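Below are the chains, spelled out letter by letter.
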Amino acid sequence: MSSQTTAPPPLPAPAAASPAASAPVATRRDDPAVSSTARPLRVAGAAAQLAALGLVGPFVFIGLFAALASGLGLVFAAGVGIIVLIALAYVLFAVAWLENARIDGLYGFGLPPLSARRPTQPGFAGVLGMFWRQAIDPSVWRAIANLAISTILGALVVTLVTVAATGVTIAFAPLYADTVSMFGLDVPVTWAPLVGPIVALFSVAVIIGLALLHGVLSRLIMVPSRETQLAAEAREAGAQRAGAIRASEVERTRIERDLHDGVQPRLVSVGMTLGLARQKIDDDPTAAKALIEEAHTSTKAAITELRQLARGIHASVLDDRGLDAALSALAARSHVPVHLDVRIDGRCGRTAEAAAYFAIAESLTNAAKHSRATGVRVVVRSREDGSLWARVEDDGLGGARILPGGGLDGIANRIAAAGGTFRLDSPNGGPTALEVSVPCAS
């Protein structure tokens with residue numbers, strides 16, 4: 001780990017381009033201009049995928065059920081079954097992820113990608129909770145249910161493809177046979193050119209119907225209802241509001257504590273010192289001068305503390321020069337050597353940058369005060385999904401915990417208020433790693 005304070009070079013400004021020249025024309029799959037060709041191709045793709053699932057899907061579910069039976073049977077055999085069940089949970093996630101991507105790629109429903117669960121609290125309890133949430137994830141089971149239904153439809157499609165091929169073969173039976181048998185029934189050869197195409201066309205029609213049914217069922221199963229989406233948005237808005245309120249309370253408490261424990265006693269001391277100087281100014285001018293000098297020094301220290309407190313409330317450099325420069329100034333003031341690795345494209349939203357900045361600032365403060373770290377690495381990236389991601393890792397003692405009203409609690413609430421995610425990993429003995437991700441649109 002580097003122990004030098006470094007600041008990355010400024011990124012070159014992107015060349016300006018006219019909106020007409022740079023903005024691509026978006027085309028939706030359900031636009032009338034493309035629906036005439038997209039729908040037949042989509043039905044054909046659905047039929048082909050169903051046929052493939054009809055051949056492969058049964059083996060997938062046989063393997064999943066075998067793993068489940070083995071895990072349950074070996075639960076009490078030295079814990080081997082628990083390992084198998086944990087592995088099964090992540091195999092189910094992988095299968096569900098593929099099914100989610102298949103449906104979204106075929107129909108363009110705009111499904112959010114599935115993401116694996118992460119511990120929400122440190123320690124063994126957090127790991128167990130992560131495995132449990134992964135095992136009962138509703139989005140995973142919706143995808144598995146859709147895969148099961150698609151496999152059943154696929155088996156029917158495979159059967160109908162066989163029937164259609166048989167019908168085509170029978171249509172040409174007068175050229176090579178004297179008698180024709182279809183599904184155990186004897187068909188006169190003279191009727192074969194009529195019966196064969198009818199059977200083939202009927203099979204193709206049913207295959208098309210199954211492909212259309214697959215699209216309808218996939219939409220019902222995979223796409224959340226409007227009520228569910230509104231409920232999720234309401235829960236998210238409630239969580240952000242609660243995080244904002246909690247973050248403001250924690251910040252107010254911090255400001256009150258800093259004023260009460262730092263600036264206020266120093267100003268009281270300045271007042272007392274000036275009072276003593278006023279009493280001595282006639283009888284002992286030399287002592288009074290020394291007291292005034294002491295009061296002057298304390299006043300400058302109080303001004304410095306007030307400046308730092310104001311910087312903790314709002315970093316003006318963040319608005320003036322951006323997150324990169326603000327983090328460079330923060331690293332330069334840190335008591336622990338900081339290695340910065342910042343790669344961001346342009347400016348993010350003010351709320352997102354402020355949330356990331358204060359999360360990093362509080363992490364550096366914790367590393368200096370509590371972790372006995374000798375170095376800190378800060379990595380900041382702007383992601384393709386439009387979010388700002390930051391990771392702070394120190395080589396200290398670890399064991400950091402989120403306590404109500406503490407610095408980490410303030411970070412968690414500030415990030416939640418900005419609509420982001422927060423993750424802390426701090427085992428005893430270290431290292432401590434904190435990751436935050438905030439949407440730039442926040």
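Within each chain, residue numbers correspond to sequence positions counted from 1 in written order. In view of the model being predicted, local features appear only for residues whose pLDDT reaches at least 70, and side-chain atom pairs are presented and counted only at 80 or more, with totals across whole chains, interfaces and linings using the full set of residues. The side-chain values count all of the structure's non-hydrogen atoms but skip hydrogen atoms and water molecules.

### Here's the deal with the packing of helix H11 (residues 350-369) against helix H12 (residues 407-417)
No. 1: Between H11 and H12, the least distance of the axes is 10 Å, while the angle of their chain directions is 170°. The orientation of H11 relative to H12 falls into the category roughly antiparallel. Every residue of H12 that contacts H11 at Ala355, Phe358, Ala359, Glu362, Ser363 and Asn366 is listed here: Gly407, Leu408, Ile411, Arg414 and Ile415.
No. 2: Of the residues in the contact of H11 with H12, the class split is six nonpolar, three polar and two charged. To get an axis, a line is fitted to the C-alpha atoms, and for a helix only the part in contact is used. The angle between two axes follows their N-to-C directions and goes from 0 to 180 degrees. Secondary structure counts use DSSP, requiring at least four H or I residues in a row for a helix and at least two E residues in a row for a strand, with both numbered from the N terminus. Each angle is binned into one of four classes, with values under 35 degrees roughly parallel, values over 145 roughly antiparallel, values of 65 to 115 roughly perpendicular, and all other values oblique. Contacts were defined at the residue level, with two residues in contact if any of their heavy atoms lie within 4.5 Å. The residue classification treats Ala, Val, Leu, Ile, Met, Phe, Trp, Tyr, Cys and Pro as nonpolar and Asp, Glu, Lys and Arg as charged. All others, Gly included, are polar.

### Points about the pairing of strand E6 (residues 421-425)
Within a regular strand, the side chains alternate between the two sheet faces.
No. 1: Note that E6 and strand E7 (residues 432-439) share five bridges and pair antiparallel. Across the sheet, the residue bridging to Phe422 is Val436, located in E7.
No. 2: In short, DSSP must find at least two bridges between two strands for them to pair. Where E6 folds back onto E7 in an antiparallel hairpin, the turn is made up of six residues, including Gly429, whose phi is positive at roughly 95°.

### Examining the nonpolar core
No. 1: Each nonpolar core is a collection of buried residues, namely Ala, Val, Leu, Ile, Met, Phe, Trp, Tyr and Cys, held together in the definition by side-chain atoms within 4.5 Å. Each residue is placed in one exposure class: buried if its accessible area under a 1.4 Å probe, protein chains only, is under 20% of its type's maximum, exposed if it is over 50%, and partly exposed if it falls in between. Within the largest apolar cluster, 38 residues are counted, with the highest numbers of intra-cluster contacts made by Leu323, Leu327, Tyr357, Ile360, Val376, Val378 and Val380.
No. 2: Broken down by secondary-structure element, the contributors of at least two residues to this core are helix H10 (323-333), strand E3 (338-343), H11, strand E4 (376-382), strand E5 (387-394), H12 and E7.
No. 3: Per-element tally for this core: the top contributor is H11, with eleven residues.
No. 4: Counting residues in hydrophobic clusters, the runner-up holds 29 residues, among them Val43, Phe109, Val140 and Ile207.

### Overview of a nonpolar patch on the surface
No. 1: A grouping of Phe65, Leu68 and Leu72 is seen on the molecular surface, where their side chains present a nonpolar patch of about 310 Å² in accessible area.
No. 2: With relative accessibility at 52%, the residue Leu72 sits in the exposed group. Patches here are clusters of residues that have more than 30% relative accessible area and form no salt bridge, with a 9 Å joining cutoff for like charges and a 5 Å cutoff for nonpolar side chains (Val, Leu, Ile, Met, Phe, Trp, Tyr). Only the protein chains shown count as covering a residue, and every accessible area follows the Shrake-Rupley method with a 1.4 Å probe. We define a salt bridge as a contact between a side-chain nitrogen of Lys or Arg and a carboxyl oxygen of Asp or Glu at a distance within 4 Å.

### Side note on unusual backbone geometry
No. 1: One non-glycine residue with positive phi stands out, namely Arg372, at about 55°.
No. 2: Checked against the element boundaries, Arg372 lands in the loop between H11 and E4.

### Quick notes on the confidence of the model for the protein
Parts of the model with low pLDDT should not have their predicted coordinates read in detail.
No. 1: How sure the predictor is of each residue is captured by pLDDT, a score from 0 to 100. Chain-level pLDDT for the protein is 77 on average; 74% of the residues reach the 70-or-more range.
No. 2: A low-confidence stretch, residues 1-37 (pLDDT under 50), is modelled with 35 contacts involving residues beyond four sequence positions or located in other chains.

### Comments concerning the pattern of salt bridges
No. 1: Applying the stated rule across the entire model yields seven salt bridges.
No. 2: When the shortest N-O distance is used, the salt bridge between Glu99 and Arg102 registers 2.8 Å. With a gap of three residues between them, Glu99 and Arg102 both fall in helix H3 (residues 80-107), about one helical turn apart.
No. 3: Given a relative accessible area of 15%, Arg102 falls into the buried group.

### Considerations on the packing of aromatic side chains
No. 1: Any two of the Phe, Tyr and Trp rings considered here, Trp counted by its six-membered ring, make a pair once their centres fall within 6.5 Å; the pair's planes then place it as stacked at under 30 degrees, edge-to-face at over 60, or tilted in between. One pass over the full model with this rule turns up three aromatic pairs.
No. 2: Measuring from centroid to centroid gives 5.3 Å for Tyr107 and Phe109, while their planes differ by 10°, and the two rings are stacked.
No. 3: For Tyr107, a relative accessible area of 8% translates into the label buried.

### Topic: the sheet that holds E7
No. 1: Here we have five strands laid out as an open sheet, ordered E3-E4-E5-E7-E6, and mixed in their pairing. Every interior strand has two partners, whereas the edge strands, E3 and E6, have only one. The average angle at which neighbouring strand axes cross in this sheet is 10°, direction not considered.
No. 2: Sitting on the sheet, H10 is in contact with E3, E4 and E5, with an inclination near 180° to E3.

### Considerations on the side chain of Ser371
No. 1: Among the secondary structure elements, Ser371 is positioned in the loop between H11 and E4.
No. 2: Pairing of N or O atoms within 3.5 Å defines a polar contact, subject to two protein rules: one partner must be a possible hydrogen donor and the other a possible acceptor, and residues neighboring in sequence count only if both atoms are side-chain atoms. Of note is the side chain of Ser371, whose polar atom sits 2.8 Å from the backbone oxygen of Ala367.
No. 3: The residues contacting Ser371, other than those within four sequence positions of it, are Asn366, Asp394, Gly396 and Leu397.

### Quick look at the pairing of E4
No. 1: Here E3 pairs with E4 via six bridges, running parallel. By the bridge assignment, Val338 is partnered in E4 with Val376.
No. 2: At this point the chain moves from E3, through H11, to the parallel E4, and the crossover so formed is left-handed.
No. 3: Pairing between E4 and E5: seven bridges, direction antiparallel. Bridged to Arg381 within E5 is Trp389.
No. 4: The turn joining E4 and E5, which pair antiparallel and follow one another in sequence, is formed by four residues; a positive phi near 85° is taken by Gly386. With strands facing away from the observer, any crossover in which the path from the first strand over the helix to the second runs clockwise is taken as right-handed.

### Structural notes on the packing of H10 against H11
No. 1: In the contact formed by H10 and H11, the axes pass within 11 Å of each other and the chain directions differ by 15°. Here H10 lies roughly parallel to H11, going by the angle between them. Between H10 and H11 the crossing geometry is right-handed. Residues Leu323, Ala326, Leu327, Leu330 and Arg333 of H10 touch H11, and the partners they reach there are Glu353, Tyr357, Ile360, Ala361 and Leu364.
No. 2: When its residues are assigned to classes, the contact of H10 with H11 shows eight nonpolar, no polar and two charged. Handedness of a crossing follows from how the near helix is turned relative to the far one, being left-handed for an anticlockwise turn of less than a right angle and right-handed for a clockwise one.

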